[in-house]
Amino acid sequence: MDLRRTLVTRLALSFAGLIVVFSIVWLHDLREDTRAEQLAASRLVDLMQAGDGLDAQARVVEVLAQGGLRHVTATLLQAGEASPPAQTSAWLGLLGLSASPVTDHRIALGDRVLLIRPDPNSELHEKLGSSLQVLLMLLVFCAACLGMTWYAVHRALSPVKELEAGLLRLEQGESTARLPRFELREFAAIAGVMDRVATSLNRAREGQRRLTRQLMELQDKERRELAAELHDEFGQSLTAISASAAYIERHAASADAAVLVECAREIGNESRRISGHVRHMLSSLRPYGIEDSGMRETLSELVAAWRPRLPDRRIESRIDDLPPLPAANGLALYRSLQEALTNCVRHSGADVVNVECLNKGTMILLRVTDNGRGTAAQILDQAGGGLLGLRERLTMVGGSFSIQDAAQGGVALTAYVPIAGKENQ
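Presented here is an overview of the structure given in this document. (Residues numbered from 1 in each chain as written. Predicted model: local features only at pLDDT ≥ 70, side-chain atom pairs only at ≥ 80, totals over all residues. Heavy atoms only, no water.)

This part covers the sheet that holds strand S6 (residues 363-370). Pairing is mixed in the open sheet, where five strands are placed in the order S4-S5-S6-S8-S7. Each edge of the sheet is formed by a strand with only one pairing partner; in this case those strands are strand S4 (314-319) and strand S7 (400-405). When strand polarity is set aside, the average angle formed by the axes of neighbouring strands in this sheet is 10°. Alignment of strand S5 (residues 352-359) against S6, held across seven bridges, turns out to be antiparallel. Paired with Asn359 across the two strands is Ile364, which belongs to S6. Those strands touched by helix H8 (residues 295-306) are S4 and S5, and its axis lies near 175° from that of S4. (Pairing = 2+ DSSP bridges. Helix = DSSP H or I, 4+ residues; strand = E, 2+ residues; numbered from the N terminus. Axes fitted to C-alpha atoms, helices over the stretch in contact; angles between N-to-C directions. Contact = heavy atoms within 4.5 Å.)

With respect to the helices and strands, the residue Ile267 is situated in helix H7 (residues 257-285). Taking relative accessible area as the criterion, Ile267 reaches 21% and is therefore assigned partly exposed. When the C-alpha atoms of Ile267 and Ile241 are compared, they prove to be 5.1 Å apart, with 26 residues separating the residues in sequence. (Buried < 20%, exposed > 50% of the residue type's maximum accessible area, 1.4 Å probe, protein only.)

Moving on to H8. Taking 1.5 Å of rise per residue, the twelve residues of H8 would be expected to cover 16 Å, and the 17 Å separating its terminal C-alpha atoms lies within 8% of that figure. Considered for burial, the residues of H8 that qualify are Met295, Thr298, Leu299, Leu302, Val303 and Trp306. Angularly, the buried residues of H8 cover 135° about the axis, an arc narrow enough to put them on a single face. (Expected span 1.5 Å × (residues − 1). Arc of directions from axis to C-beta.)

Another aspect to go through is the packing of aromatic side chains. If you walk through the whole model with that rule in mind, you get one aromatic pair. Taking the centre distance of 6.3 Å and the plane angle of 55° together, the rings of Phe182 and Phe187 count as tilted. Residue class for Phe182 comes out buried when judged on its relative accessible area of 12%. (Phe/Tyr/Trp six-rings, centres within 6.5 Å; stacked < 30°, edge-to-face > 60°.)

Take unusual backbone geometry next. Of note, the phi angle at Arg178 is positive, near 55°, even though the residue is not glycine. Tracing the chain through its elements places Arg178 in the loop between helix H5 (159-171) and helix H6 (185-251).

Attention now moves to the layout of surface pockets. Of the pockets and cavities examined, the second largest pocket occupies roughly 450 Å³. Along the wall of the second largest pocket there are 16 residues; nearest its centre are Arg203, Ala204, Gly207, Leu388 and Arg391. Those elements that provide at least two residues to the lining of the second largest pocket are H6, helix H10 (376-381) and helix H11 (385-396). The element that contributes the greatest number of residues to the lining of the second largest pocket is H6, accounting for eight residues. A per-class count over the lining of the second largest pocket returns seven nonpolar, three polar and six charged. (1 Å grid on protein atoms, 1.4 Å probe; cavity = no way out; pocket = protein on both sides within 12 Å on 5 of 7 lines; lining within 4 Å. Points joined across faces, edges and corners; volume = space filled by probe spheres on them. Nonpolar A, V, L, I, M, F, W, Y, C, P; charged D, E, K, R; others polar.)

Below you can see the structure in the form of structure tokens.
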């Protein structure tokens, strides 16, 4: 059912009912006016045909006592008596009319005279009365129309309260809006949209909870791995350095020079091993060069680091000269490439991966395309913590992220990272 059609139908039926009622009232008034006019005309004829003599005077007095004359006045005067002055009204002056009679008609009735003259005041009062009646009917009609319009609109828009309540339920964290079935097509469409929004919200909330759990698990895992690596790698190297240093300290005066040189060489080797290990760990935690003009080299090194590990796959890359980026933006770009390459290698089964990183003026476009067996719908439905975290990271810096099916098969991951910081956008 259409809202416009519903409103028009209800209002049309209401107006039709009002017109019928006022038509009945108008016909009743017309009937009464016609009867009164006929009666007045009949009595006027009786007056003018009264005849002569005392009997005629009695009939005139009887007719005058009955009243009912319209638009004229009739007065029984003595013979030779002057005509009374015409009654005046302020309305006649406003309308530019004169109160003086147009014609006085005198009928002799023995020793008396019947004076008949037009009465403009009677006509005026009758017109004013009928006009006031019409005006009153018009006011009643307008009031009734407004009332019926308000009622029709109120009935038609009553589902708005249900929609508002559904939105409040969604705002309070409920999984569904719990809306009733609406008859009107417009409200049914809005309810359908709200149901889809509720589904999206539930999916987003579940994804956020899953991401939070995965981030916490990843944080704990990284801490455990870091602790184990510090213990196993650094502990062993530091123990070796400490032992060589202690030997040099105890036997510096008496030890053979070759032994001392060997101890010093061991200390140097272990120090360089620790230094290399520290650089590797720092690169994993936060890549070097993302905050200055070395962003292109940093991304190229990341791509190059994957090639030796994947000798049976071809990784092609095109990386433009990139301007200096804010730290958060540079890290988001680096993590986007890192996550895209990881997903291509682990899940796609592709043998060709193409990396493009282009400078678009105000934005950096990163696109990683593979020719694997995956589809965008599968990846989005099974999105893990890596993609969810990547989306959040890009959103925080004012960027965007999307996955589409590639034209030649496989998928294409596209990320846009602004060159300026979010506070300057």
